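Chain by chain, the residues:
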Amino acid sequence: MFANLTFLLKNNNDLDYIRCMVLLIKHDLWLGGKKLEKGAFVAVSLYGNASADSYNKMTGQICALFSEKLGIPADSVYVTYHPVSDWGWNGQNF
């Protein structure tokens, strides 16, 4: 199932909206040898890099979003980041 999510990032008093396409796959999630009743593994691909502070803020917002909208506790949301230098769309690369 695909879902579109929009969330807000505050950056130096400017507000940036980010729209994400999310693929939700129902699957058991095991961490530390224990099955989580509710949990999420989130992989974020972004064009270019971001600072450690930006990643930290994004993780906080992703955890809050999953908690508020899906009822998944923030301490059961795991996030990885994958900077990409070449990103293609509409028959060409950026």
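For the structure, see preceding data.
This section reports on the structure supplied with the text.

Rules used throughout
- Per chain, the residues get numbers from 1 upward, laid out in the order the sequence is written.
- Local features are withheld for residues below a pLDDT of 70 in this predicted model, meaning they are given only at 70 or higher, and side-chain atom pairs are given and counted only at 80 or more; totals for whole chains, interfaces and linings count all residues.
- Remark: hydrogens and water are excluded; side-chain values derive from all non-hydrogen atoms of the structure.
- In plain words, nonpolar cores are sets of buried Ala, Val, Leu, Ile, Met, Phe, Trp, Tyr and Cys residues tied together by side-chain atoms within 4.5 Å.
- Under the scheme applied here, a residue whose accessible area is under 20% of the maximum for its type counts as buried, over 50% as exposed, and between as partly exposed, the area being computed with a 1.4 Å probe on protein chains only.
- The way it works is that DSSP assigns letters per residue, a run of H or I at least four long becomes a helix, a run of E at least two long becomes a strand, and they are numbered from the N terminus.
- Contacts are assigned to residue pairs that have any heavy atoms within 4.5 Å of one another.
- By salt bridge we mean one thing: a side-chain nitrogen of Lys or Arg within 4 Å of a carboxyl oxygen of Asp or Glu.
- Here a pair means two rings of Phe, Tyr or Trp (six-membered ring of Trp) with centres within 6.5 Å. Their orientation is stacked below 30 degrees between planes, edge-to-face above 60, and tilted elsewhere.
- A patch is a set of surface residues, each over 30% in relative accessible area and not in a salt bridge, joined within 9 Å for like charges and within 5 Å for the nonpolar side chains Val, Leu, Ile, Met, Phe, Trp and Tyr.
- Throughout, the Shrake-Rupley method with a 1.4 Å probe supplies accessible areas, and for residues the shown protein chains are the sole cover considered.

1. Thoughts on the nonpolar core
In terms of nonpolar packing, the biggest core is built from twelve residues, these being Ala40, Val42, Val44, Leu46, Tyr55, Met58, Ile62, Cys63, Phe66, Ile72, Val77 and Tyr81. Ranked by the residues each element gives to this core, the list is headed by helix α1 (residues 52–70), at five residues. Leaving out residues up to four positions away in the same chain, Cys63 has contacts with Ala74 and Val77.

2. Side note on the pattern of salt bridges
A side chain with one charge may pair with a side chain of the opposite charge, provided their charged atoms come close. Summed over the entire model, instances satisfying the criterion amount to two salt bridges. Among the salt bridges present, the one from Lys35 reaches Asp28, with a minimum N-O distance of 3.5 Å. Its salt-bridge partner being Lys57, residue Asp53 comes within 3.3 Å of it at the nearest N-O pair. Of this pair, Asp53 and Lys57 both sit in helix α1, four residues apart, roughly one helical turn. Taking relative accessible area as the criterion, Lys57 reaches 43% and is therefore assigned partly exposed.

3. Considering the packing of aromatic side chains
Tallying each qualifying case throughout the model produces one aromatic pair. Pairing Tyr55 with Tyr81 gives two aromatic rings, centres 4.6 Å apart and planes at 40°, and the pair type is tilted. In this pair, Tyr55 is assigned in helix α1 and Tyr81 in strand β6 (residues 77–84), connecting sequence segments 26 residues apart. Just as Tyr55 is buried, Tyr81 falls in that class too.

4. So, a nonpolar patch on the surface
There is a patch of nonpolar side chains on the surface, built from Tyr47, Trp87, Trp89 and Phe94 and spanning about 500 Å² of accessible area. Mapped onto the elements, Phe94 comes out in the segment after β8 (92–93).

Keep in mind that these numbers describe shape and distance, not what the molecule does.
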